[in-house]
Amino acid sequence: MKVIVASFPKCGTKTIASALKELGYDVCDGIDHYELHYKEWMQLFYEGATTEDFREMYENIDACSDVPACFFWEEIHKAFPQSKIIFTQRKSEHEWWASMLRQIQSGDGIKFRLMGLLCPTYRSILKFSKCMACAPG
């Protein structure tokens, strides 16, 4: 782990992840956390994690960004103290919340509700998201 993006979503995290990928970094961003480390994150949400758990999760990755890693950037940094931290933020909480709310509302249509009923993978992602939202920390 060389770079930890400690920024919340909607603060340029996708742009930073894209730039890091362009520079040749192997980046774990957003849905990658779910796809690569679902079991580990679910255990963390329910039982907690050690520094060694984070070291094992990210030992072969150059950079991490977005949720849920941004909520645990300090713990990840303990596992990789040589890592550089990137932090960006919006101009105001109001601006950030307006952007976040637009994204949340864009996923609240009938097609997404049907996906939750018909698609086991989407249900799994929803479960992951709910656990992430309620994780202690």
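Heads up: these notes are all about the structure in this document. (Residues numbered from 1 in each chain as written. Predicted model: local features only at pLDDT ≥ 70, side-chain atom pairs only at ≥ 80, totals over all residues. Heavy atoms only, no water.)

All right, on to the nonpolar core then. Ranked by internal contacts, the top residues of the largest apolar core, which has 20 residues, are Met1, Trp41, Phe45, Phe54, Tyr58, Cys64 and Ile76. Secondary structure elements with two or more residues in this core: α2 (31–47), α3 (51–58), α4 (73–79) and α7 (120–134). Broken down by element, this core gets its largest block of residues, five residues, from α2. Within the second largest apolar cluster, seven residues are counted, among which are Val3, Ile16, Val27 and Ala63. (Core = buried A, V, L, I, M, F, W, Y, C linked by side-chain atoms within 4.5 Å. Buried < 20%, exposed > 50% of the residue type's maximum accessible area, 1.4 Å probe, protein only. Helix = DSSP H or I, 4+ residues; strand = E, 2+ residues; numbered from the N terminus.)

What follows is about the environment of lysine 21. As for its placement among the helices and strands, lysine 21 is situated in helix α1 (residues 13–22). A sequence separation of 41 residues divides lysine 21 from aspartate 62, and the C-alpha atoms of the two residues are 9.6 Å apart. Sequence-distant contacts of lysine 21, that is, excluding residues within four places in its chain, are made with Val27 and Asp32. (Contact = heavy atoms within 4.5 Å.)

Now for the pattern of salt bridges. Enumeration over the complete set of coordinates arrives at five salt bridges. One salt bridge in this structure joins glutamate 52 and arginine 55, with 2.5 Å as the shortest N-O distance. Placement of both glutamate 52 and arginine 55 in helix α3 is noted, with a separation of three residues, approximately one turn of the helix. One salt bridge connects glutamate 95 with arginine 90, and the closest N-O pair in it is separated by 3.5 Å. Counted as one network, the salt bridges with shared partners bring together Lys14, Asp29 and Asp66. (Salt bridge = Lys/Arg side-chain N within 4 Å of Asp/Glu carboxyl O.)

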